[in-house]
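As a plain string of letters, each chain reads:
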Amino acid sequence: RRTINVALVGNPNCGKTSLFNIASGSHEHVGNYSGVTVDAKEGYFEFQGYHFRLIDLPGTYSLSAYSPEELYVRKHIIEETPDVIINVVDAGNLERNLYLTTQLIDMNVRMVVALNMYDALQHSGNTLNIKKLSQLLGVPMVPTISRTGEGVDDLFHVIIGLYEGADFMGQKEEIQNEALREFREWHDAYVPDHKFESHEDDENSFTPRNFIRHIHINHGPELERSIDAVKKEIGKTETIRHKYSTRFLAIKLLENDKDIEKNVIASLPNASEILRIKEQEVKRLRETINEDSEQAITDAKYGFITGALKETYTDNYQNTEM
Ligand code: GDP
Ligand code: MG
Ligand code: K
């Protein structure tokens, strides 16, 4: 039987290590932590008949190339290719924490969000429509309290489901269809310029499972146009196999990510053409939206998050103030 490789990714102090400890400890623990380094702790355990290898990665706010932690996490995801990533999120600090989530979505990884510190959210009296937020981002989400272990079994059930390719959160078909209908309604109203990519352009392939894999954070028409232009040129080098999604690479280039430029793009036969198109798009963006492309991408991601939270999160405190 294969081992399911799982990595914990999240901001500092969102409860990754607590989750790591409780997952490795509360289930049958069949091995010592090996490969213990300053950077990443590794644990082995069994759950529901599956072997798990769990890595506790360093905390990071972003997947840019601005800090050793960011580069380390990014490199781990690409080189170790975990089967499933647990994006641990502080449910009391969603706006900031979901920024990293949008970057993981760009990377097109198989992931589940652990809405951790859920006890703090409950005590605050604020409410979150988890199902809807999960539809808006195209990622399954499970509330957890890693200090007590609540929700952790549910989390690993979802991970097994994702690993085995089960349908969206194991929902029954009629619930899936309902969720899908709601999602499409929202999508058409909210991002009218954006079209879903689907397998073989088959309308029927637009299933919840596919939208988990194919949903994109929409960055608005001008940025999406630039992303497409750069992505198209990167996509021409089909003989070169890199593990990054071309969309992620295009976004990173437009963010002026020198690590990607030097360590991924430079080795492609059409590197100079890719960079020429990138420069051209950076210039075009400066002229059309009057903004630096890196800043524009950050703003668009926060815009998406703000919009999603507006639809799903009610701030009780603010309501009583008003
Ligand atoms: P890490 O930096 O992401 O590894 O976070 P830690 O696991 O070290 O947790 C940071 C702090 O949050 C610690 O004091 C934990 O006890 C606390 N903590 C972790 N998970 C939860 C949770 O679900 N609820 C609450 N209230 N506190 C938590
Ligand atoms: Mg930690
Ligand atoms: K995804």
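Residues numbered from 1 in each chain as written. Chains lettered and ligands numbered in written order. Predicted model: local features only at pLDDT ≥ 70, side-chain atom pairs only at ≥ 80, totals over all residues. Heavy atoms only, no water.

By the naming in an unreviewed UniProt entry, the protein chain is Ferrous iron transport protein B, taken from Phocaeicola coprophilus DSM 18228 = JCM 13818.

Caption draft 1: Focus on the overall build of the protein chain. Tallying secondary structure elements over the protein chain gives 14 helices and eight strands in all. Within the protein chain, buried positions represent 51% of all 322 residues. Restricting the contact set of the protein chain to residue pairs at least 6 apart, pairs at least 24 apart contribute 70%. As presented, the protein chain carries roughly 15,500 Å² of accessible surface, and 47% of it is formed by carbon and sulfur atoms. (Helix = DSSP H or I, 4+ residues; strand = E, 2+ residues; numbered from the N terminus. Buried < 20%, exposed > 50% of the residue type's maximum accessible area, 1.4 Å probe, protein only. Contact = heavy atoms within 4.5 Å. Areas by Shrake-Rupley, 256 points an atom, 1.4 Å probe, with all protein chains shown as cover.)

Caption draft 2: Structural view of the site of ligand 1. Close to ligand 1 lie 14 residues; Asn13, Lys16, Thr17, Ser18 and Asp119 are nearest. In the environment of ligand 1, an oxygen atom lies 3.0 Å from a nitrogen or oxygen atom belonging to the backbone of glycine 15. For ligand 1, an oxygen atom lies 2.8 Å from a polar atom in the side chain of lysine 16. Considering ligand 1 on its own, with 580 Å² of exposed area, one finds that the protein chains cover 72% of that surface. In terms of residue count, the dominant contributor to the shell around ligand 1 is helix H1 (residues 16–26) (three residues). Grouping the constituent residues of the shell around ligand 1 by class yields four nonpolar, seven polar and three charged. (Near = heavy atom within 4 Å. Polar contact = N/O pair within 3.5 Å; in protein donor to acceptor, adjacent residues only side chain to side chain. Nonpolar A, V, L, I, M, F, W, Y, C, P; charged D, E, K, R; others polar.)

Caption draft 3: Structural detail: the UniProt feature "binding site: Mg(2+)" (unreviewed entry) in the protein chain. Those residues carrying the UniProt feature "binding site: Mg(2+)" (unreviewed entry) are Asn21, Ser24 and Gly25 in this numbering. Topologically, asparagine 21 is positioned in helix H1. Inspection of the secondary structure assignment puts serine 24 in helix H1. Within polar-contact distance, the side chain of serine 24 engages the backbone oxygen of phenylalanine 20 at 2.6 Å. (UniProt positions renumbered as here; feature names shortened; annotations may be inferred.)

Caption draft 4: Local environment of the packing of aromatic side chains. Using the criterion set out here, one finds six aromatic pairs in the structure. Each ring, one from phenylalanine 45 and one from phenylalanine 52, has its centre 5.2 Å from the other, and the planes form 10°; the classification is stacked. According to the relative accessible area criterion, phenylalanine 45 is buried, its value standing at 0%. By relative accessible area, phenylalanine 52 is classed as buried at 1%. With a centroid separation of 6.2 Å and an interplanar angle of 75°, the aromatic rings of phenylalanine 47 and phenylalanine 156 are classed as edge-to-face. Placement of the pair is phenylalanine 47 in strand E2 (residues 41–47) and phenylalanine 156 in helix H6 (residues 152–163), with a sequence separation of 109 residues. With respect to burial, phenylalanine 47 and phenylalanine 156 carry one shared label: buried. (Phe/Tyr/Trp six-rings, centres within 6.5 Å; stacked < 30°, edge-to-face > 60°.)

Caption draft 5: The arrangement of helix H2 (residues 68–80) in detail. With 13 residues, H2 extends 17 Å between its outermost C-alpha atoms, agreeing within 8% with the 18 Å of an ideal straight helix rising 1.5 Å per residue. Listed in full, the buried residues belonging to H2 are Glu70, Val73, Arg74, His76, Ile77 and Ile78. Those residues of H2 that are buried lie in contact with strand E1 (3–10), strand E3 (50–56), strand E4 (84–90), helix H3 (94–107), helix H10 (246–254) and helix H11 (258–263). (Expected span 1.5 Å × (residues − 1).)

Caption draft 6: Molecular detail of the sheet that holds strand E5 (residues 111–116). Ordered in space as E2-E3-E1-E4-E5-E7, the six strands form an open sheet in which the pairing is mixed. Of all strands in the sheet, those bounded by a partner on one side alone are E2 and strand E7 (141–143). Across the sheet, the axes of successive neighbouring strands diverge by a mean angle of 25°, strand direction being ignored. Alignment of E1 against E3, held across six bridges, turns out to be parallel. From the neighbouring strand, threonine 3 faces E3, where its bridge partner is histidine 51. Against the sheet, H3 contacts E1, E4 and E5, and its axis sits at roughly 160° relative to E4. This element, helix H5 (residues 130–137), spans E5 and E7 of the sheet and lies at about 150° to E7. (Pairing = 2+ DSSP bridges. Axes fitted to C-alpha atoms, helices over the stretch in contact; angles between N-to-C directions.)

Caption draft 7: A look at the side chain of aspartate 90. By the secondary structure assignment, aspartate 90 is in strand E4. A distance of 2.8 Å separates the side chain of aspartate 90 from the backbone nitrogen of glycine 92, its partner in a polar contact. In this structure, aspartate 90 is in contact with Cys14, Asn97, Asn116 and Met117, ignoring residues within four places of it in sequence.

Caption draft 8: Summary view of empty space enclosed by the protein. Following the criterion strictly, the structure yields three cavities of 30 Å³ or more and no others. Volume-wise, the second largest cavity comes out at about 40 Å³. Lining the second largest cavity are Asn5, Val6, Ala7, Arg53, Ile55, His76, Glu80 and Pro82. Every element with two or more residues in the lining of the second largest cavity is listed here: E1, E3 and H2. At three residues, the largest contribution of residues to the lining of the second largest cavity is made by E1. When the residues that make up the lining of the second largest cavity are grouped by side-chain class, the tally is four nonpolar, two polar and two charged. (1 Å grid on protein atoms, 1.4 Å probe; cavity = no way out; pocket = protein on both sides within 12 Å on 5 of 7 lines; lining within 4 Å. Points joined across faces, edges and corners; volume = space filled by probe spheres on them.)

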